[in-house]
Amino acid sequence: MTRSRKTRDALSFWGFVGPFLIGLAVFAYLPIGWSVYLSFFDARNTVTPSVFVGLDNYAHMLTDGPFLSSLGTFSVFALFIVPLTFAASLALAVGVHQLEFARAFFRSVFFLPFACSYVVASLIWKTSLFSGVRYGLVNTVLGRFGVDPIAWTGTVHPPLYWIVLVTARLWLQLGFYMILFLAALQRIPQHLYEAAWLDGAKPGWPVFRHITLPQLRATSVAVLLLNLINAYQAFDEFYNIMGDSRGYPPFARPPLVYLYYTSLGSGGQDLGRGSAGAVILALIIAVVTLLQGRLFRFGGSEA
């Protein structure tokens, strides 16, 4: 390959990749770096602080009751949404994969909610499906069985608002993870099943457990990691379902919502502490992701 050919290839590469890298640096890496910088300063109502406070913002956030409570809220949300999404998306993928007709139709139908706006879906869940009045769809159905209308988003004992939050997120993201599992199912060599049938194995749970699941190990770990990270970043459904004109209830406030109120709330913009909380949250996500990937040997070959 001549030198001019190498030069043209390099220019072509940077011509395609350069704009993306510039956008990534300006809109992702630069804000992240500036947020880390702000976390070491007293940045009240300013993004150009001058008073260095060291780790004081981190110490405050790590001892702040509402922030720790928000992390607890995330833990409850993740406890519900991660296993439910994993099991339901895998079941849907297996069901669609085994269809002999209209497979593309059902794949599209289940994936379609993923294209819906989280804000729009949250408002539909709040005002139409789980409305606290008797005319909400769920209350209408329950009313047929003699059940009085339930204030879903306002009932704390028992915490029925979790049903609204979890079902909204489940409906929105189920199709995406189903597609990931479908792609993995299509890559499983058919001769593995044929060999099992020749050995006398019957289609069902034994074949699924000993052949299908091991072949889906890497995809399963990826789904768990993505799902956990998305649960940490939950914001739209919490903010739009639980919030109203009176404010936002503290009993169902995830970390991002609390950081929003800390950084931009009506009590003053404390960008330093908000940035420190964001860095802590990012570190927690990174540590949990690395530990989970290490535990399940993420990146290894499927076997």
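Preceding this paragraph is the structure being described.
Numbers given to residues run from 1 along each chain, matching the order in which its sequence is written. Selection of residues for local features in this predicted model requires a pLDDT of at least 70, selection of side-chain atom pairs for listing and counting requires 80 or more, and totals for whole chains, interfaces and linings are taken over all residues. Excluding hydrogens and water, the side-chain values take into account all heavy atoms of the structure.

1. Some details on the overall build of the chain
Scanning the chain from N- to C-terminus turns up 13 helices and 0 strands. Helices and strands in the chain line up, N terminus first, as α-α-α-α-α-α-α-α-α-α-α-α-α. Considered along the principal axes of its C-alpha atoms, the chain spans approximately 80 × 75 × 35 Å. Taken over 303 residues, the chain has a buried fraction of 36%. Sequence-distant contacts in the chain: of pairs separated by 6 or more residues, those separated by 24 or more amount to 67%. A 1.4 Å probe and the Shrake-Rupley method give the accessible areas. Residues count as covered only by the protein chains that appear here. Approximately 17600 Å² of the chain is accessible, and the part contributed by carbon and sulfur atoms is 68%. Here the chain contributes 20 positively and 13 negatively charged side chains, and the mean placements of these two sets differ by 7 Å. Helix and strand assignments follow DSSP, with helices taken as H or I runs no shorter than four residues and strands as E runs no shorter than two, numbered in order from the N terminus. Categorising residues by exposure relies on relative accessible area from a 1.4 Å probe, with only protein chains included: less than 20% of the type maximum marks a residue as buried, more than 50% marks it as exposed, and the intermediate range marks it as partly exposed. By definition in these notes, contact holds between two residues if any of their heavy atoms fall within 4.5 Å. Here Asp and Glu are counted as negative and Lys and Arg as positive; His is not counted, and neither are the chain ends. Charged side chains are reduced to one point each, which is NZ for Lys, CZ for Arg, CG for Asp and CD for Glu.

2. Some words on the nonpolar core
In this text, buried Ala, Val, Leu, Ile, Met, Phe, Trp, Tyr and Cys residues form a nonpolar core when linked through side-chain atoms within 4.5 Å. Counting residues in each nonpolar core, the largest one holds 58 residues, and the members touching the most others are Phe77 and Phe238. For this core, the element with the highest residue contribution is helix α7 (residues 161-186), accounting for 14 residues. Excluding residues that lie within four positions of it along the chain, Phe77 makes contacts with Trp162, Leu165, Val166, Arg169, Ala231, Ala234, Glu237 and Phe238.

3. A few points about the packing of aromatic side chains
What counts as a ring pair is set by centres within 6.5 Å for rings of Phe, Tyr and Trp (its six-membered ring), and what kind of pair is set by the plane angle: stacked under 30 degrees, edge-to-face over 60, tilted for all other angles. For the structure shown, the criterion picks out 19 aromatic pairs. Residues Phe77 and Phe238 carry aromatic rings whose centres are separated by 5.1 Å and whose planes lie at 75 degrees to one another, so their mutual orientation is edge-to-face. Of this pair, Phe77 sits in helix α3 (residues 65-97) while Phe238 sits in helix α11 (residues 236-242), placing them 161 residues apart in sequence. Classification of Phe238 by relative accessible area gives buried; the value is 1%. Each ring, one from Phe176 and one from Tyr177, has its centre 5.2 Å from the other, and the planes form 75 degrees; the classification is edge-to-face. Classification of Phe176 by relative accessible area gives partly exposed; the value is 26%. Given a relative accessible area of 1%, Tyr177 falls into the buried group. One aromatic cluster is present, formed by Phe77, Phe80, Tyr161, Trp162 and Phe238 through successive ring pairs.

Functional significance is not addressed by these values, which are geometric in nature.
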